[in-house]
Amino acid sequence: MTASLGNAARPFSPAALADLVPAGTRLLALGEPTHGAEEFLDLRNELFRHLVTEHGYRSIALESDCLAALTVDAYVGGADGELDAVLREGLGHGFGAYAGNRELIRWMREFNASAGAGERIRCYGADGPLEYTGAAAPGPALLRLHDFLADRLPAELLPGREELLLLCGPDERWTEPAAAHDPSRSVGRTEDAVRLRLLADELSLLLAAHRPQFHDDEDALWRAELDARTATGLLRYHAATAGNGPDRLNSLMRQRGLMIADNLEAILHREARRGPTLAFAHNRHLQREASRIRLGDHRLRWWSAGSLLESRLGAGYAFLATTFGHRAPDDHPAPDTLEGLLATLPYPRAVLDPEQLASAVRELGGAKARVPADHTYFGLDPAALGQVDGVVFVRDIARQQGLFGGGAA
């Protein structure tokens, strides 16, 4: 370890990490380099507790189904329920199985039990209702949106509910797993789907145009706007799934990035009077630069949710990136990579100032980006240090589980 690298690093503590967050941050994005590593969930939990108690944060948004997360938020707010069922039903991608997520939800419920009326903390899902095998059906969200408007607007302004039901059909036609790899199995560009997108747009327009008259029930309005975003986002996603051009996979990534960015921006709007929000997701979703992933023969590139939010929020957006060194049992970073350099630090967890870290890397003659051996790991590119507000390095990852147990070179 060189003196310049040592000057850039401090032992991890929530306060040390929070010190790197720029003043005026409205959305603090904490990335993780891979899913399923409990160490990063523990780190997130420590930071969030500190932000809540010391910096006035009152919400967290997770990389999980925005609709299913309503169950989680109700539970942390004191609603009846069994924690196991809430985790299983309220967190997508199998994330409810992780001990760190269980601890987060348990702590939030405990905090809220003694919090004042205006101090309650909320839990959101930032992702669309998307899984690795495909996307949810748009019907349930679209029908709820229709019902909200039908209770408040003249019937002649709305399309008929019966037409919506007929066009939606059974959910199974939308959730066909084979459509993820075979566009011909998707219904996303059928005549029914095209008509449904038009009607969803009309309903969303009605909601936006009459928004002032719905202010007397803010919670119901929030749910209606969430349903509008979700239904239109899912219809776009299914249309992209049905595409058969060379840009199909990029289009799917773009649609997901837009859904995450739109959800996070809406959360910020709702939380504006209560305090900033912490977002937690994969580094590739939250980074400021364009995202790149290699899937087999495909090299994907799209503007990440973080880059979209940076363009919308400017100085209100801050990004903290995380990376790690050793993953059990025998995966060590090459010494000429950024992670190999950071592995020389004496701390099991370190917080680094990115500007000082970039200077140290230059003094040492540069460092390579770590090349992943699988598509689930993305650390920190040394060339992107100017795009982050803080770096966290975890030396050892010992508790990775689920679908994300692959190695990194």
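Everything that follows concerns the structure shown earlier in this document.
Reference entry: report on the structure contained in this document. (Residues numbered from 1 in each chain as written. Predicted model: local features only at pLDDT ≥ 70, side-chain atom pairs only at ≥ 80, totals over all residues. Heavy atoms only, no water.)

Below, the discussion takes up the overall build of the chain. A tally of regular secondary structure across the chain gives 15 helices and 12 strands. Taken along the three principal axes of its C-alpha coordinates, the chain extends 75 × 55 × 40 Å. Partitioning the intrachain contacts of the chain with sequence separation of at least 6 by distance along the chain shows that 79% fall at a separation of at least 24. Carbon and sulfur atoms make up 52% of the accessible area of the chain, which amounts to about 17,600 Å² in all. The centroid of the 43 positive side-chain charges in the chain is displaced by 2 Å from the centroid of its 56 negative side-chain charges. (Helix = DSSP H or I, 4+ residues; strand = E, 2+ residues; numbered from the N terminus. Contact = heavy atoms within 4.5 Å. Areas by Shrake-Rupley, 256 points an atom, 1.4 Å probe, with all protein chains shown as cover. Lys, Arg positive; Asp, Glu negative; His and termini not counted. Charge placed at Lys NZ, Arg CZ, Asp CG, Glu CD.)

With 24 residues, helix 10 (residues 218-241) should cover 34 Å at 1.5 Å per step; its first-to-last C-alpha distance of 34 Å lies within 8% of that length. Within helix 10, 19 of the 24 residues are buried, which leaves it mostly tucked inside the rest of the structure. (Expected span 1.5 Å × (residues − 1). Buried < 20%, exposed > 50% of the residue type's maximum accessible area, 1.4 Å probe, protein only.)

Attention shifts here to unusual backbone geometry. The general pattern is negative phi for most residues beyond glycine and trans for most peptide bonds. The phi dihedral of His-93 falls on the positive side, at around 60 degrees, and the residue is not glycine. Tracing the sequence through the fold places His-93 in the loop between helix 5 (83-90) and helix 6 (99-113).

According to the stated counting rule, one finds 26 salt bridges in the structure shown. Measuring nitrogen to oxygen at the nearest pair gives 2.9 Å for the salt bridge that ties Arg-288 to Asp-389. Here Arg-288, found in the loop between helix 12 (283-286) and strand 8 (291-295), pairs with Asp-389, found in the loop between helix 15 (354-363) and strand 12 (390-397); they are 101 residues apart in sequence, far enough to count as distant. The buried category is assigned to Asp-389, whose relative accessible area is 18%. The closest approach of N and O atoms between Lys-368 and Asp-336, which form a salt bridge, is 3.2 Å. Here the residue Lys-368 occupies a position in the loop between helix 15 and strand 12, and Asp-336 occupies one in the loop between strand 10 (317-327) and helix 14 (338-342), the gap between them amounting to 32 residues. In this structure Lys-368 comes out as exposed when scored by relative accessible area, which is 53%. The partly exposed category is assigned to Asp-336, whose relative accessible area is 36%. (Salt bridge = Lys/Arg side-chain N within 4 Å of Asp/Glu carboxyl O.)

Here we come to the side chain of Thr-230. Structurally, Thr-230 is set in helix 10. Residue Thr-230 is classed as buried on the basis of its relative accessible area of 1%.

To continue, consider the environment of Pro-159. Position of Pro-159 among the secondary structure elements: in the loop between helix 7 (139-150) and helix 8 (161-168). Note: C-alpha distance between Pro-159 and Ala-398 (239 residues apart in sequence) is 54 Å. Discounting chain neighbours no more than four positions away, the residues touching Pro-159 are His-146, Leu-199 and Leu-203.

To continue, consider the packing of aromatic side chains. The description of an aromatic ring pair uses the distance of the two centres, along with the angle that the planes make with each other. Taken as a whole and judged by the stated rule, the model has seven aromatic pairs. Both rings, one in Phe-95 and one in Tyr-98, keep their centres 5.7 Å apart while their planes meet at 35 degrees; by these two values the pair is tilted. By relative accessible area, which is 8% here, Phe-95 ends up buried. Taking relative accessible area as the criterion, Tyr-98 reaches 4% and is therefore assigned buried. Here Phe-148 and Phe-214 contribute two aromatic rings whose centre-to-centre distance is 5.1 Å and whose plane-to-plane angle is 80 degrees, an arrangement assigned as edge-to-face. Taken together, the residues span a long stretch of sequence, with Phe-148 in helix 7 and Phe-214 in the loop between helix 9 (191-209) and helix 10 at a distance of 66 residues. On the accessibility criterion, Phe-148 (8% relative accessible area) is buried. Linked through ring pairs, Phe-40, Phe-324 and Tyr-377 together constitute an aromatic cluster. We note Arg-301 situated over the ring of Trp-303; from NZ or CZ to the ring centre the distance is 5.2 Å. (Phe/Tyr/Trp six-rings, centres within 6.5 Å; stacked < 30°, edge-to-face > 60°. Lys NZ or Arg CZ within 6 Å of the ring centre and 35° of its normal.)

Relative to the helices and strands, His-50 is located in helix 3 (residues 38-55). Judged by relative accessible area, His-50 falls into the buried class, the value being 18%. Beyond its immediate sequence surroundings of up to four residues, His-50 is in contact with Pro-14, Ala-15, Ala-18 and His-55.

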